[in-house]
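# Structural features, examined
Below, each chain spelled out in residue letters.
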Amino acid sequence: MPNITPTNDLLFKKMLSSVENKDILQGLIADFFKLHVPLEDIEIATPYSIETYTEALNASGGDATSVMRHIASDIRASLKFADFLSDVQVKKDKYFSPRSLLYTFQKFCDNYNSQRAMEYDIHGKAVKYSSLRPVYTLNVLEYSHYPDEDGLRIFRMYDYERGKAFDKEWVNIGFFELNKKNYETAAHKHWRELFKTGKASKDAPEYIKKAASVVDYVNLKKEERDMISREEWAEDTIQAVTQTAYEDGQERVLDMVLAGYTADQIKAALREERWQEGARHDIT
C-alpha cells in the first residue's frame, strides 16, 4: 500500500476541491484566515474529478508525471467577497517566495474588469477597478522554507514604520510549514497532523475528521488508487534518476528533470546519447 497523505496532489484536490467537501475547505479558510464563509458563498473554481485525471492519463499513454504536471493541482475557490488559493510544495525551491507572490498577484489582477462584481457610476458607466477583490493564499510546505520553528506566517501589505495598513486586506499570503515545532492554535496542530499522516485525532473538529475519511486509502475508488500508485511510481523514478545523476555529476540529466522531462523521456535521451557516443568510438 502506498504512503497516503493529503499532500499527494490528487488527494489534496479530492479533499479540498470536491463540491461535496466544501465544509472541509470552509474549515480550512476559517482556521487560517479567520474568515467564516457560508457554504453557499463558496464556489470551487477547479473542482476535483477522477474522471478528468483518468481521461488525461489515457490520452498521455500512461504518463502520470505529465498528467499531474498539466492538470492544475492547486485549489482555487471564489468566495462572495474574495478569492482563495491553496497549493502544496513538497521540494525546496529557492524561488518559491517570488513564485507565491506571482500566483497571488496574478489572481488579483485577473479580477480586473470582471463583470461579476462590477460597480457602476451615476452615469451607468462601469468602474473597472471596483471588480478587484482581496486574495487569500495558503501554501502548505513539506520542507523548511524559513529558518525558525514557527509553523505559520501570513504576510499582508503593511506600512510597518507608521503602523498603517490599506483599507482592506487586499493580499494575504500564508505559509504553513509541516515540519516545524511551533503552532499557534489547536486547529493548526490538527491540520498539520492531517497533512503529515492522513489521520485525524479524536479531538479534531468534525470537518478535519471528514477530511481524513476522504483521503483514507480504503475509501478511495479503484481509479483513484491506481492513479496514486502511478503518480508515486513516477515520482520515485524521477527521484532515483535525479539522485543517480547527482552522484555521477550528470548536469545534463538534472537540467532535463528541472525542465519537466518525464522519466521515460530522460531514459530515452540517455540511451540516444550513449548510442551516439558509441558510434563515435566505432568511427575513431
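Going by the structure above, here's the rest.
Residues numbered from 1 in each chain as written. Predicted model: local features only at pLDDT ≥ 70, side-chain atom pairs only at ≥ 80, totals over all residues. Heavy atoms only, no water.

### Overview of the overall build of the protein
Helix and strand counts for the protein stand at 10 helices and 10 strands. Of all 284 residues assigned to the protein, the portion counted as buried reaches 44%. Long-range contacts, defined here as pairs at least 24 residues apart, represent 65% of the contacts in the protein between residues at least 6 apart. In the structure as shown, the protein presents an accessible area of about 16,300 Å², 52% of it carried by carbon and sulfur atoms. (Helix = DSSP H or I, 4+ residues; strand = E, 2+ residues; numbered from the N terminus. Buried < 20%, exposed > 50% of the residue type's maximum accessible area, 1.4 Å probe, protein only. Contact = heavy atoms within 4.5 Å. Areas by Shrake-Rupley, 256 points an atom, 1.4 Å probe, with all protein chains shown as cover.)

### Description of the pairing of strand β2 (residues 75-79)
The element β2 is largely enclosed, with a buried count of 4 among its 5 residues. Bridging between strand β1 (residues 42-44) and β2 involves 3 bridges; their strand directions are antiparallel. Bridge pairing in β2 places I44 opposite A77. In this sheet, strand β3 (residues 83-89) lies alongside β2 in antiparallel orientation, the contact comprising 4 bridges. Looking at β3, one finds that S78 is bridged to D83. Hairpin connection from β2 to β3: 3 residues lie between these consecutive antiparallel strands. (Pairing = 2+ DSSP bridges.)

### Focus: the packing of helix α2 (residues 22-33) against helix α6 (residues 186-197)
Between α2 and α6, the least distance of the axes is 10 Å, while the angle of their chain directions is 130°. As far as their axial angle goes, α6 and α2 are oblique. In this structure, α2 crosses over α6, and the sense of that crossing is left-handed. Each of I24, G27, L28, D31 and F32 in α2 lies in contact with α6, whose residues at this interface are A187, H188, W191 and F195. When grouped by side-chain class, the residues that make up the contact of α2 with α6 number 6 nonpolar, 2 polar and 1 charged. (Axes fitted to C-alpha atoms, helices over the stretch in contact; angles between N-to-C directions. Parallel < 35°, antiparallel > 145°, perpendicular 65-115°, else oblique. Left-handed = near helix turned anticlockwise from the far one by under 90°. Nonpolar A, V, L, I, M, F, W, Y, C, P; charged D, E, K, R; others polar.)

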